[in-house]
Amino acid sequence: MSATLSRLLALKTLILAGAAAYSMSTLFSAMKPIVLTRTAEQLGLSDGLASLIAAMPFVGIASAALLAAPLVTRLSLTQLTCTFGALLIAAELVSAQAFESVPVTLLLQFLAGLSVGILMGATSKVIATSDSADEVFGVVDMTAVLLMSVMISTVSIAVEYNGLEGAYLAAAGISALFALLMLAHRSPAPTPIASDSPTLEPLHVGIRELSVVAMAVTFVTFSGVGFAYMFTIAKDLGMGYAVAGEQIGWLLFASAFACLAGGWCSARFGPARPLAAAFITCAVGWLIASTTQSQIIYIAALVPAVFSLQFCFPVLLALSGSLDRDGRWAAIATPVQTSGFAWAAILAGQVVGVWGTQVIGIVTSAGMAICLALLWLSREKTPAQLARAT
């Protein structure tokens, strides 16, 4: 009984740590539109430079993929949390005092994103090697999405009272809270590798592994193209900000529960069929949403368009975690996948700036076609296929 209780407690604290780490990433998502607008307003910067500052944490998250795999094999989650949690908090505190210097702010926000990417990779590695990884990823992702609305309100109030300094101080405080929650999971340090008896296999890099990582970042990028212009399309359809904000807000809140559905479907049916269905659903949703002239049809089309992203996120994380038994590919894939939110904003600006919002569905569909091709390449070989290959 004590062993069972111990496992349950470890699972609960792991979910708590994972939700905290992933919420650090959604904190950046919550801050992005607020910091972008306030930076241009308070410092008089161009929209391009303000956008770069707001997107820099996601560049840091992407760069964390280069460091995550070696770090998670040498340090425990607790050790990484103490080190990079402290770096994250320090970066936000200094940003609150140095925000008028663009080069310093860019560097600090890069370091903040790098820290979060490593912490996300570390928690993904632990989750990927635990029992019920699919369901845990679903719960963790759902919690992070649900908390985003709270963080948007918190940062907005901080900016209202104290401008950019308030925004970065709020980020530091929220990050400190999440770091403390991560410390609730007391993970042991990885077993040292003896020179005469290696316990860790070399990381295998093949077509399947690269296809899974490429599929994850491609999906998040192309499925997110329309997100940046949801309110623009609503406005073009004659919807006011208040009405659009209320309906889209509730839709985003409800979409968090699609994370649970994704984790359950992945555990029940495997990743291939749920992902293929979601890719097609996402394409159809954005094709309708970007071309309809009806407000009702637009909101209805956003349901499959938005829900598919939340549905796929834990499935893709669990799939990357299945690539090796040590969870190192999960540590690499998680920050790369999350960086898709930054590339989505950049791609959306270029696409809409040239062709308008009507092509969002076409661009998204092209991306989903690429994802389907990568899904086929990432399929796991059957025993018969492996036998023929050897």
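Up top is the structure these notes are about.
A quick note: this is a predicted structure, and the numbers were derived from the prediction, not measured.

Peer 1: Please clarify how empty space enclosed by the protein should be interpreted in this entry.
Peer 2: Gaps left between atoms are located by rolling a probe of water-molecule size over the structure's atoms. In total, this model carries 1 cavity of 30 Å³ or more according to the counting rule given. The volume enclosed by the largest cavity comes to roughly 50 Å³. Mapped onto the lining of the largest cavity, the elements with two or more residues apiece are α1 (2-43) and α2 (47-63).

Peer 1: So what exactly am I meant to see when it comes to the packing of aromatic side chains here?
Peer 2: For any pair of aromatic rings, geometry is given as the distance between the ring centres together with the angle between the planes. By the definition in use, this model includes 5 aromatic pairs. Between F28 and F58, the aromatic rings sit 6.3 Å apart at their centres with planes inclined by 70°, giving edge-to-face as the arrangement. Residue F28 is located in helix α1, and its partner F58 is located in helix α2; the two are separated by 30 residues in the primary sequence. A relative accessible area of 3% means that F28 is categorised as buried. In this structure F58 comes out as buried when scored by relative accessible area, which is 0%. Considering the side-chain rings of W250 and F253, the 6.0 Å spacing of their centres and the 85° angle between planes classify their relative orientation as edge-to-face.

Peer 1: Sorry, what's going on with the nonpolar core here?
Peer 2: When a protein is soluble and globular, its nonpolar side chains tend to lie buried together. Core analysis: the biggest nonpolar cluster contains 115 residues, and Y22, M215, F219, L275, F279, Y298 and L302 have the highest contact counts within it. With residues near it in sequence (within four places) discarded, F219 still touches G224, F279, C282, S308, L309, C312, L316, M368 and C371.

Peer 1: Sorry if this is basic, but what is going on with the pattern of salt bridges here?
Peer 2: Opposite charge on two side chains allows them to pair when their charged atoms are near. Scanning the model with the defined rule gives 1 salt bridge in all. Between E41 and R38 there is a salt bridge, with the nearest N and O atoms lying 2.5 Å from each other. With a gap of 3 residues between them, E41 and R38 both fall in helix α1, about one helical turn apart.

Peer 1: Would you take a moment to explain a nonpolar patch on the surface for this structure?
Peer 2: Residues I280, V284, L287, I288, I297, I362 and L372 make up a contiguous nonpolar surface patch of about 570 Å² in total accessible area. Those elements that place two or more of their residues in the nonpolar patch are α11 (272-289) and α15 (360-377). Of all the elements, α11 adds the most residues to the nonpolar patch, at 4 residues. Assignment of secondary structure puts L287 in helix α11.

Peer 1: Where do I start with the packing of helix α6 (residues 133-182) against helix α10 (residues 258-269) in this structure?
Peer 2: Axis angle and axis distance: for two packed helices, these are the angle between their axes and the distance between the axes, and together they describe the pair. Axis separation between α6 and α10 bottoms out at 7 Å; the angle between their running directions is 170°. Classified by the angle between their axes, α6 and α10 sit roughly antiparallel to one another. Residue-level contacts link D134, E135, G138, V139, D141, M142 and V145 of α6 to C259, L260, G263, S266 and A267 of α10. Partitioning the contact of α6 with α10 into residue classes produces 6 nonpolar, 3 polar and 3 charged.

Peer 1: So what exactly am I meant to see when it comes to the packing of helix α7 (residues 207-223) against α11 here?
Peer 2: Running from N to C, α7 and α11 point in directions that differ by 20°, and their axes come no closer than 11 Å. Here α11 runs roughly parallel to α7, going by the angle between their axes. Considering only the axes of α7 and α11, their crossing is left-handed. Residues M215, F219 and S223 of α7 form the contact with α11, whose own contacting residues are L275, F279, C282 and W286. Counted by class, the contact of α7 with α11 contains 6 nonpolar, 1 polar and no charged residues.

Peer 1: Would you mind going over the side chain of Q337 with me for this structure?
Peer 2: One can find Q337 in helix α13 (residues 328-338). Residues within four places of Q337 in sequence aside, it is in contact with A216, V217, V220, F313, L316 and L317.

Rules of the game
- Residues numbered from 1 in each chain as written.
- Predicted model: local features only at pLDDT ≥ 70, side-chain atom pairs only at ≥ 80, totals over all residues.
- Heavy atoms only, no water.
- 1 Å grid on protein atoms, 1.4 Å probe; cavity = no way out; pocket = protein on both sides within 12 Å on 5 of 7 lines; lining within 4 Å.
- Points joined across faces, edges and corners; volume = space filled by probe spheres on them.
- Helix = DSSP H or I, 4+ residues; strand = E, 2+ residues; numbered from the N terminus.
- Phe/Tyr/Trp six-rings, centres within 6.5 Å; stacked < 30°, edge-to-face > 60°.
- Buried < 20%, exposed > 50% of the residue type's maximum accessible area, 1.4 Å probe, protein only.
- Core = buried A, V, L, I, M, F, W, Y, C linked by side-chain atoms within 4.5 Å.
- Contact = heavy atoms within 4.5 Å.
- Salt bridge = Lys/Arg side-chain N within 4 Å of Asp/Glu carboxyl O.
- Patch = residues over 30% accessible without salt bridge, like charges linked within 9 Å, V, L, I, M, F, W, Y side chains within 5 Å.
- Areas by Shrake-Rupley, 256 points an atom, 1.4 Å probe, with all protein chains shown as cover.
- Axes fitted to C-alpha atoms, helices over the stretch in contact; angles between N-to-C directions.
- Parallel < 35°, antiparallel > 145°, perpendicular 65-115°, else oblique.
- Nonpolar A, V, L, I, M, F, W, Y, C, P; charged D, E, K, R; others polar.
- Left-handed = near helix turned anticlockwise from the far one by under 90°.

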